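# Residue-level structure breakdown
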Amino acid sequence: MRKARLAAILSVLMAACLTYISWRRRPPLQVASHAKLVLKPVSRAKLVVVVDNNPHGGLRAAWGLSIYVEAGHARLLFDAGPDPQVLRENMKLLGISAEALDFIVISHEHGDHVGGLPAIAEVNPGLTVYIPRGTSSSTGEWIRSLGFKVVEVGGPTTICDGIAVTGPLYGPPYEQALIIHVEDLGLIVVTGCSHPGIERVLEYVHNITGLPIYAVIGGFHLVGASEARLADVANTLKRLEVKEVYPIHCSGEEARKYLSEALGPAYRGGHVGTTLELGAP
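Reference entry: report on the structure contained in this document. (Residues numbered from 1 in each chain as written. Predicted model: local features only at pLDDT ≥ 70, side-chain atom pairs only at ≥ 80, totals over all residues. Heavy atoms only, no water.)

## Looking at helix α7 (residues 227–239)
For α7, which comprises 13 residues, the first-to-last C-alpha distance of 18 Å matches the rise-based estimate of 18 Å (1.5 Å per residue) to within 8%. By the burial criterion, the buried members of α7 are Arg 229, Leu 230, Val 233, Ala 234, Thr 236 and Leu 237. The arc enclosing the buried residues of α7, seen along the axis, measures out at 160°, which places them on a common side. Exposed and oriented more than 90 degrees from the buried face of α7 are Glu 227 and Arg 239. The first or second residue beyond α7 is Glu 241, which carries a positive phi of 55°. (Helix = DSSP H or I, 4+ residues; strand = E, 2+ residues; numbered from the N terminus. Expected span 1.5 Å × (residues − 1). Buried < 20%, exposed > 50% of the residue type's maximum accessible area, 1.4 Å probe, protein only. Arc of directions from axis to C-beta.)

Right under this line is the structure:
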């Protein structure tokens, strides 16, 4: 029994070491030195965290992520959380209409980001859902079976005025981030889990647009991250002069505490119900 227990512990430690080594050895993202994504700005943007595992008020908390976005004339949902009922209840409490959505962006195919989609399909089934290329065929077919139109995104893509997606960046899994360009401010970057590395995602967005990043919100995937890794993330955020940082979902309490101390006023935290209104009224 003792030998079996020791073997199990060694197996977990080895897996953790291999994960860390693979992250450190991951090759840099291949991006051009000049901007190659032209994104017309919108005058304002509003974002509301509909699903998150950080609780607040009377909203339901669940492990997962969903963020409602208004930018220009577009209304969209970024990810759908893990559960249709949680998404449905929180949207109702927050006064967000599923019928009014214009499209959906999915960051990656994990269940805590796509599981709530049936709640939208019930009332608005003809929507277009943008998923990153590299998403499994089974997940793509399941989304289609709900009545949605699925568009696989293969690279940096403008969806409409002020809104674009990065296209697939490899974690694993393949994951994409949402980009919103607000006039006179810069970019808002919305991430699902940042499996490719939050610092790598932000560098990529800056390189393909040539624009300053004003705010970032979403999962940073830093649970269990070393202090050296957290320092790298904080230094990247400082170097890119990001003004507002909202680490939620899979960011982890230790990382949130570290970033709050390292970033000072730029750190904003976040939870289910957090609302950002940026730009002209």
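## Description of the sheet that holds strand β2 (residues 66–71)
Strand order across the open sheet formed by seven strands is β6-β5-β4-β3-β2-β1-β15, with mixed pairing between neighbours. Only two strands of the sheet have a single partner each, and these edge strands are β6 (149–153) and β15 (275–279). Across the sheet, the mean angle separating the axes of adjacent strands is 20° when strand polarity is ignored. Note that strand β4 (residues 103–105) and strand β5 (residues 128–132) share three bridges and pair parallel. (Pairing = 2+ DSSP bridges. Axes fitted to C-alpha atoms, helices over the stretch in contact; angles between N-to-C directions.)

## Some details on the pairing of strand β14 (residues 244–248)
Within β14, five of the five residues are buried, leaving the element largely enclosed by the surrounding structure. Covered by surrounding structure in β14 are Glu 244, Tyr 246 and Ile 248 together with Val 245 and Pro 247, the residues of both alternating faces. Across five bridges, strand β13 (residues 213–219) lies against β14 in parallel orientation. Directly across from Gly 219, in β14, lies its bridge partner Ile 248. Taken together, β13, α7 and β14 constitute a β-α-β crossover, and its handedness is right-handed. (Right-handed = clockwise from strand over helix to strand, strands pointing away.)

## A few points about the sheet that holds strand β12 (residues 186–191)
If you trace the six strands from one edge of the open sheet to the other, you get β7-β8-β11-β12-β13-β14, paired in mixed fashion. Where the open sheet ends on each side, the last strands, each with one partner, are β7 (157–160) and β14. This sheet shows a mean twist of 20° between the axes of neighbouring strands, independent of strand direction. Bridging between strand β8 (residues 163–165) and strand β11 (residues 178–182) involves three bridges; their strand directions are antiparallel. Following the sheet pairing, Val 165 is matched in β11 by Leu 178.

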